[in-house]
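# Reading the structure
Each chain, written out:
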Amino acid sequence: MSPTISEESLEPGISQQNTRRASCTTVLTLAYQSLGVVYGDLSTSPLYVYKTTFSGKLSLHENDEEIYGVLSFIFWTFTLIALFKYVFIVMSANDNGEGGTFALYSLLCRHARLSILPNQQAIDENLSAYATEKSADTWQSSAMKSVFEKHPKIRQGLLIFVLLGTCMAIGDGILTPPISVLSAVSGVKLKITGLHENYVVLISCVILVVLFSLQHHGTHRVAFMFAPIVTAWLLCISGIGVYNILRWNPLIFRALSPVYMLKFLKSTGIEGWVSLGGVVLSITGAEMMFADLGHFSALSIKFLQAVFWPVFIVATFAAVVGSQAAISATFSIISQCGALNCFPRVKIVHTSRKISGQIYIAEVNWMLMCLCLAVTVGLRDTNMIGHAYGLAVTTVMLVTTCLMAMVMIIVWKLQIVTTVPFLVFFGSIELLYISASFCKVPEGGWIPLSLSLIFLTVMYVWNYGTLKKHQFDAENKVSMKRILRLGPSLGMVRVPGIGLIYTNLVTGVPAVFGHFVTNLPAFHQVLVFVCVKSVQVPYVSEKERFLISRVGKKEHSMFRCIVRYGYKNLQQENYDFENTLVSELVLFVERERENCLEPMNEESSREFGSSDIEDIDAPEQTFTCTNRRHQENTVQSSHGIIQVMKSSNDHLENLENSENCRPKEESLQILKAKESGVAYILGHSNAKAKKSSSIVKKVAIDFVYAFLSRNCRGSDVVLNVPHTSLLEVGMIYYV
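Quick summary incoming for the structure in this document.

What counts, and where the lines are drawn
Residues numbered from 1 in each chain as written. Predicted model: local features only at pLDDT ≥ 70, side-chain atom pairs only at ≥ 80, totals over all residues. Heavy atoms only, no water. Salt bridge = Lys/Arg side-chain N within 4 Å of Asp/Glu carboxyl O. Buried < 20%, exposed > 50% of the residue type's maximum accessible area, 1.4 Å probe, protein only. Helix = DSSP H or I, 4+ residues; strand = E, 2+ residues; numbered from the N terminus. Expected span 1.5 Å × (residues − 1). Bend = angle between axes of the 7 residues up to and from the residue. Phe/Tyr/Trp six-rings, centres within 6.5 Å; stacked < 30°, edge-to-face > 60°. Lys NZ or Arg CZ within 6 Å of the ring centre and 35° of its normal. Contact = heavy atoms within 4.5 Å.

### Here's the deal with the pattern of salt bridges
Counted under the stated rule, the structure contains nine salt bridges. Between Lys-440 and Glu-443 there is a salt bridge; the shortest N-O distance is 3.7 Å. Judged by relative accessible area, Glu-443 falls into the partly exposed class, the value being 38%. Each member of the salt-bridge network shares a partner with another, and the members are Asp-124, Lys-533 and Arg-564.

### Describing helix 6 (residues 152-186)
For helix 6, spanning 35 residues, the distance from its first C-alpha to its last is 51 Å, which sits close to the expected 51 Å at 1.5 Å a residue. Where helix 6 bends most, at Leu-175, the angle is about 30 degrees, and the proline Pro-177 comes one to four residues later. The element helix 6 is largely enclosed, with a buried count of 25 among its 35 residues.

### As for the packing of aromatic side chains
Enumeration over the complete set of coordinates arrives at 15 aromatic pairs. Between the aromatic rings of Trp-462 and Tyr-705, the centroid separation amounts to 5.1 Å while the plane-to-plane angle is 35 degrees, which identifies the pairing as tilted. A residue pair is termed long-range when its members are at least 10 positions apart, and Trp-462 in helix 17 (residues 446-475) and Tyr-705 in helix 24 (residues 695-711) qualify at 243 residues. In this structure, Trp-462 and Tyr-705 share a single accessibility class: buried. A network of ring pairs unites the aromatic residues Phe-422, Phe-425 and Phe-426 as a single cluster. Against the face of Tyr-260 rests Lys-263, its NZ or CZ located 4.9 Å from the ring centre.

### A few points about the environment of Lys-554
For Lys-554, the location among the structural elements is in the loop between strand 5 (546-550) and strand 6 (558-566). Sequence separation between Lys-554 and Glu-666 is 112 residues, and the spatial gap between their C-alpha atoms is 8.3 Å. Excluding residues within four positions of it along the chain, Lys-554 makes contact with Glu-592 and Glu-666.

Function cannot be inferred from these measures alone, as they are strictly geometric.
Written as structure tokens, this is what we have:
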């Protein structure tokens, strides 16, 4: 079982905001680990790139000119795409240390207001991690933002485009282990010519099972183990390469001239163009390097016959290492998608006590293993896997290029004369490789297309169903004023204790609460509407996590608590959530009393997203209550910032014990209610399509979304709710 790691002990990666504070030792350690993961993928390409390139009809052209031409393509592709595009440009656009297509999309969402998440509030923009540029928009950035704001279909199309790139990246994670391991193990047939292909496949499958079985130990442990292997592999191939150059062909350096690329295409024609689908395999690790930023950092990443058997062993281990980058990147991608409501809920385990970006997802790990084994056993041919691999890689790269161009305009505020050359230059190169890879669709290219279609359907349907459920909640808010007015006729009573009503709404009373009190006309003495939501930033620090507000009049004893997380935060609270919440409530009412804060007017209330005025007698008052041990707490309101020089837990103890600081009646009421017990009330809702819906919508909601909802982790597990205090309220949402 993986060790439980509290979020307090985690650091939010080594992002641009805290790079200066990172010690030299930490950076060097991450650089060493990245050698065992990121560069493992990049360095194992020689195992299969030449074999795949010279497959088919091009095998008839294996003379010096053609070899020079292929090597020239490999050298310049690696230099331009992997080095200049990714290392020097794309990695500079990371989202607070997080990489990948969704990280770029998150940047665009914050700067162009392309939010796909419900419940976003203006106050969220005050988060320290939000970090939007304060510079004035250029006419290009203003025009692009205007297009997205005026045309929802364009926003939806961009989301599908991003999901396509994400699904292709997951397909990359499925294809990398089979082609790497199978290519290395196949080398043994050069010595043992009579070895049957079934044994090669069996050995490859055993190695893959061992590789995926190691993942639960965490990226940092696996990386430390793999780094010496990559070092040995790099020394082997560089040493053998130098020997072969000096011994057989010292003129190979001529291939560095781009002239040989033109000669290659001229002499080979269509066969040479189609073979470019194999050349692109030389940079397969570039996109994974960007997606793996959350596991490491941008700074750490920038930083013969006689020897057949030793090199074979090292190559086999290096192939295993090369697969690790894709696996780690897939974990990061799924984590980001899940937090942004684009993937069903899964359990995410943080495996490092120092770097919170290093995660492990058991369900995804075993799913990847099964798919990798299926590809290995089903295809058995590295050429076919290579054709599929090339299409997946080039598609992801093109998506990244397009998103990067939008980041340059909207986020970096660059002129269009700078952005267009970037888009045209790198986009044309990637389109050339995509066109060559599409010719291989019948020969294996259909695999990433099929996998991407499946994952795209899952992601889009999950996102669509989740948004529809939230839309139902927003349209069916319950009038608390009406419930309180009907209370006597229903025989409604207030029972001792604290009731935590979990809801997806940041304002208003959810329909599930009205459904609850009309069937069981009683609710707790202190009622707290808890909304756990994700924000489109990687991390939200603990001191900025809680937003406490009052619902209705003081005599109602009802509050709202909004708990905010970034898409890379650990949402399973390992600290005492009950005591933390109660201390924040007491702190809120005490600060409210001591400073005589007046209720916000309707205009300011709406500014902070608290629009319960029409349903409740008094408007909500919104404050940011921080919770960080041994540090000062901050209570923010629209009227100013009040510094509290004690931690919330110390404050709670002092309220109970100190004779000099006697809490007023409301604080005592909250503490007494806590002693009576805390109940967690969750809605167990099922979504169903309306009878008037189209056939496609009915299939998507009634079958696909319902199946995913039944087979993913429940809200109580994700929220870490104790089962002894759990009360679920069943309800059907007609969307």
